[in-house]
Amino acid sequence: MDEGWRGRVIDAHGHLGSWFNFAIPDASPERLLAVMDRAGVATMCVSHLLGVGPDARSGNALLLAELERHPGRFLGYAVYDPHDPRAASRAAALLDVPGVIGLKLHPDTHEHPLDGPGYAPALALAAERGRLVLSHGQHGSPWSDPARFETVAARHPSLRLLLGHAGLWPSGYAAAARVAGRHPNVTLEICGSRMTARHVAGLVAAVGADRVVFGSDALFLDLRVGLGRVVLAPLEPAERDMLLFGTMTRLLEDVR
């Protein structure tokens, strides 16, 4: 099997830190980097789980420390808390930090709809600054169903919006693909425990490999398993390479 992708992979969806009710035996950045090296992953785009959870400000500070320690290996999404009245000014400052490529939104954790008023400043800021937004996406969720991505994409046609998990559940993959098909600024990110190689191939067939990016959801999920789905999926080598690094390289142009 051609392994020309090794050492070039960009993981579009990863995390640093621990989660309060999820077993992560070793959450150290050093362990994650060791797995990345073994798997052939050059760069992982990460947010800090403390930020996704109870404390965006502290989590983002920890993120910046790791970006400084490991430049180029980690690129950062600053978590945006829609309930923080100072979130917009904090986010604007964070986007000026080298290595911060965009914003991470988690509507289900924050219990605020992606297209709601709390996230509106974040989406406008990212669109204005040409930065990425990675949002958790979950079919059937009152906060992050693919339909909400469609609303946001229509409001901000220049926004580089990653639909996280491509809807999360197999029941939502087709809905996520329809949103991406109608809005060229939406890219599907494919991490999730229900995703299979067959589903990956189906999404590529539906929207094209240039509209899909590889993500692992490490440290929640095993990076090696997520990577294996793409490597072993029934794809053409050029499609595989597009998923593993081509699409994300294009999205990151002029960002870093």
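These lines cover the structure that appears in this document, whether it is placed above or below. Sequence order as written defines the numbering, with residues in each chain counted from 1. This being a predicted model, a pLDDT of at least 70 is required before a residue's local features are given, and a value of 80 or more before pairs of side-chain atoms are given or counted; all residues contribute to the totals for chains, interfaces and linings. Water and hydrogen atoms were dropped before computing side-chain values, which therefore reflect all heavy atoms in the structure.

Things to note about the environment of Gly 53
- Secondary structure elements are defined from DSSP: runs of H or I of at least 4 residues count as helices, runs of E of at least 2 residues count as strands, and each element is numbered from the N terminus. Take Gly 53: it is sitting in the loop between helix H2 (49-52) and helix H3 (56-69).
- Here's how the labels work: a residue is buried when its accessible area is under 20% of the maximum for its type, exposed when over 50%, partly exposed in between, all with a 1.4 Å probe on protein chains only. Residue class for Gly 53 comes out buried when judged on its relative accessible area of 19%.
- The sequence separation of Gly 53 and Ala 154 amounts to 101 residues, and the corresponding C-alpha distance is 28 Å.
- For Gly 53, the contacting residues outside a window of four places in its chain are Trp 19 and Thr 109. Contacts between residues were defined by any pair of non-hydrogen atoms, one from each residue, lying within 4.5 Å.

Regarding the packing of aromatic side chains
- Geometry of aromatic contacts follows a simple scheme: Phe, Tyr and Trp rings, the Trp one being its six-membered ring, pair when their centres are within 6.5 Å, and the pair is stacked under 30 degrees between planes, edge-to-face over 60, tilted otherwise. Tallied over the entire structure, the rule returns three aromatic pairs.
- Between the aromatic rings of Trp 19 and Phe 20, the centroid separation amounts to 5.6 Å while the plane-to-plane angle is 50°, which identifies the pairing as tilted.
- By relative accessible area, Phe 20 is classed as exposed at 71%.
- Three or more aromatic residues joined by ring pairs form one cluster here, namely Trp 19, Phe 20, Phe 22 and Phe 220.

Some remarks on unusual backbone geometry
- Ala 218 connects to Leu 219 through a cis peptide bond whose omega is 15°.
- Here Leu 219 lies in the loop between strand E8 (212-213) and helix H10 (223-231).
- With a phi close to 70°, His 165 is a non-glycine residue in the positive phi region.
- Inspection of the secondary structure puts His 165 in the loop between strand E6 (160-164) and helix H8 (173-182).
- Phi angles above zero are rare outside glycine, and Ala 166 is one such case at about 50°.
- With respect to the helices and strands, the residue Ala 166 is situated in the loop between E6 and H8.
- Of the residues examined, Ala 166 reaches a relative accessible area of 0% and is grouped as buried.

Examining the pattern of salt bridges
- For salt bridges, the criterion is a side-chain nitrogen of Lys or Arg within 4 Å of an Asp or Glu carboxyl oxygen. This model, assessed by the stated rule, comprises ten salt bridges.
- For Asp 37, the salt bridge identified is with Arg 73, shortest N-O distance 2.9 Å. Separated by 36 residues along the polypeptide, Asp 37 in helix H1 (residues 29-39) and Arg 73 in the loop between H3 and strand E3 (74-79) bring together distant segments of the chain.
- Residue Arg 240 is joined to Asp 241 by a salt bridge in which the shortest nitrogen-to-oxygen separation is 2.8 Å.
- Since its relative accessible area comes to 6%, Arg 240 is described here as buried.
- Exposure remark for Asp 241: the relative accessible area of 19% places this residue in the buried category.

Focus: the environment of Ala 177
- Residue placement: Ala 177 occurs in helix H8.
- Classification of Ala 177 by relative accessible area gives buried; the value is 11%.
- When the C-alpha atoms of Ala 177 and Gly 208 are compared, they prove to be 9.8 Å apart, with 31 residues separating the residues in sequence.
- Filtering out sequence-adjacent residues up to four positions away, Ala 177 remains in contact with Leu 188, Leu 203, Ala 206 and Val 207.

Considerations on the sheet that holds strand E5 (residues 132-136)
- Strand pairing is defined by DSSP finding a minimum of two bridges between the two strands. Pairing is parallel across the open sheet formed by eight strands, whose spatial order is E1-E2-E3-E4-E5-E6-E7-E8. The open sheet has two edge strands with one neighbour each: strand E1 (9-16) and E8.
- Two strands pair when backbone bridges link them, and strand E7 (residues 186-189) and E8 are joined in this way by two bridges, in the parallel orientation. Within E8, the position partnered with Leu 188 by the bridge is Val 212.
- Note on method: axes are straight lines fitted to C-alpha atoms, helices fitted across the in-contact stretch only, with angles between N-to-C directions ranging 0 to 180 degrees. Against the sheet, H1 engages E1, strand E2 (41-48) and E3, with an angle of about 150° to E2.
- Helix-sheet contacts for H8 involve E6 and E7, and the interaxial angle to E7 is about 150°.

Read these as geometric descriptors, not functional statements.
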